[in-house]
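# Report on the structure
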Amino acid sequence: MRGLTYGDIEAAGERIAGHVRPVALAAVEERTEPGELWLALEFMQHTGSFKARGAQNFLRAHGEAGTLPDAGVTIASGGNAGLACAWAARQLGVRATVFVPATAPAVKVSKLRGYGADVRLVGSEYAEAQAACAEFAAVGGALAAHAYDHPLIAAGAGTLLEEIRDRIPGLDTVVVAVGGGGLFAGVATAAREHGVRTVAVEPGNSRALNAALAAGRPVDVPVDSVAADSLGARRVSATALGVAQLGGVRSLLVPDEEIVGARRALWDDRRVAVEHGAATALAALGGQAGGYRPEPGEKVCVVLCGANTDPSDLVTTPDAGPGAEGR
């Protein structure tokens, strides 16, 4: 499989124009740290995550090439990539078979079925679902998509950076969460083209990119994080590692408790309910020693990449004591 180029991202932007929602941005004004902070609200994208970009690019490119088989498309996913694939497939009248770990959140499984996908629950980790998906494609002839490790998927994700940069002139830094590396590879490739720094953030207990950078090659890592349903790849893609090794990238790890805290803060302060995976990026700008500290005047954008989550753990019922306000 060939590497990812900036030309791939430009082509993806033309291919998916009008088929995805332009990213919404919000400025964070109540800050004590130096610099200018923006939030990219990509959780408002179709299907609730950035994955819609890659899925549209992948399926439309194959449609243009006449390589969409009658057996349809299949993908293994922790949830979000499957949702995007099923949604894009339905738009194009293509069958979608999605393999997900049995541990996938019920809200994602329900949405997958709502998009008309044939959902197969396999194993407890993404790698097991991926193995079953590969066998299904080999036997039945379905087109095998991938949650993150494909140039068309990563290129679609990279269109997000192009939109952010158009809306924030002089952008210095983009902060993204990393699982298998599709979002990171696309965003960092586009960012490098424009001289924008990329901060790649992972849970401390799910650090596929960070470990690959230390080893000089993709390696398997244990997955044990509150954000594992979306960032739980055992191994980062070779494409993502190659992009990270080109420079202009900083790799950071954040503990689960800070991810939980960042997610809670988004709800408490802004009534924004996102996945733990999305909150991982914001956690890098929290109180952890070794986190990312913007320089004075630096323009930073944090990507909130998905919101396919059960928000029930964010909602607390206030005590209805004397004088409690009825709402």
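Residues numbered from 1 in each chain as written. Predicted model: local features only at pLDDT ≥ 70, side-chain atom pairs only at ≥ 80, totals over all residues. Heavy atoms only, no water.

## A look at the pattern of salt bridges
Pairing between side chains becomes possible if they bear opposite charge and their charged atoms approach one another. Our working definition: Think of a salt bridge as a Lys or Arg side-chain nitrogen and an Asp or Glu carboxyl oxygen that are within 4 Å of each other. Numbering of helices and strands runs from the N terminus, with a helix taken as a DSSP run of H or I at least four residues long and a strand as a DSSP run of E at least two residues long. Classification of residues uses two cut-offs on accessible area relative to the type maximum, computed with a 1.4 Å probe and protein chains only: under 20% is buried, over 50% is exposed, and between them is partly exposed.
In this structure the tally under the stated criterion is eleven salt bridges. With a shortest N-O distance of 2.9 Å, Arg53 and Glu163 are connected by a salt bridge. Pair noted here: Arg53 is in helix α2 (residues 51-65) and Glu163 is in helix α6 (residues 151-167), with a separation of 110 residues, a long-range link. For Glu163, a relative accessible area of 21% gives the class partly exposed. A salt bridge links Asp220 to Arg235; the nearest nitrogen and oxygen atoms lie 3.0 Å apart. In this pair, Asp220 sits in the loop between α8 (208-215) and α9 (228-231) while Arg235 sits in the loop between α9 and α10 (238-245), placing the two residues 15 residues apart along the sequence. Connected through shared salt-bridge partners, Glu42, Arg53 and Glu163 make up one network.

## Thoughts on the environment of Thr309
Using the following cut-off: In protein, a polar contact requires one atom able to donate a hydrogen and another able to accept it; more generally it is a pair of N or O atoms within 3.5 Å, and residues adjacent in sequence count only if both atoms are side-chain atoms.
Of note, Thr309 is situated in the segment after β10 (299-303). For the pair Thr309 and Val175, spaced 134 residues apart in sequence, the C-alpha to C-alpha distance is 21 Å. Polar side-chain contacts of Thr309 include one of 3.0 Å to the side chain of Arg263.

## Regarding the sheet that holds strand β5 (residues 118-121)
Strands in a sheet are paired, the pairing made by backbone hydrogen bonds, and the direction either parallel or antiparallel. Put simply, the test is: Two strands qualify as a pair provided DSSP detects at least 2 bridges between them.
Taken together, four strands build an open sheet; the order of strands is β5-β4-β3-β6 and the sheet is parallel. Each edge of the sheet is formed by a strand with only one pairing partner; in this case those strands are β5 and β6 (143-144). As defined by bridge partners, strand β3 (residues 73-76) adjoins strand β4 (residues 96-100) across four bridges and the pair is classed as parallel. Following the sheet pairing, Ala76 is matched in β4 by Phe99.

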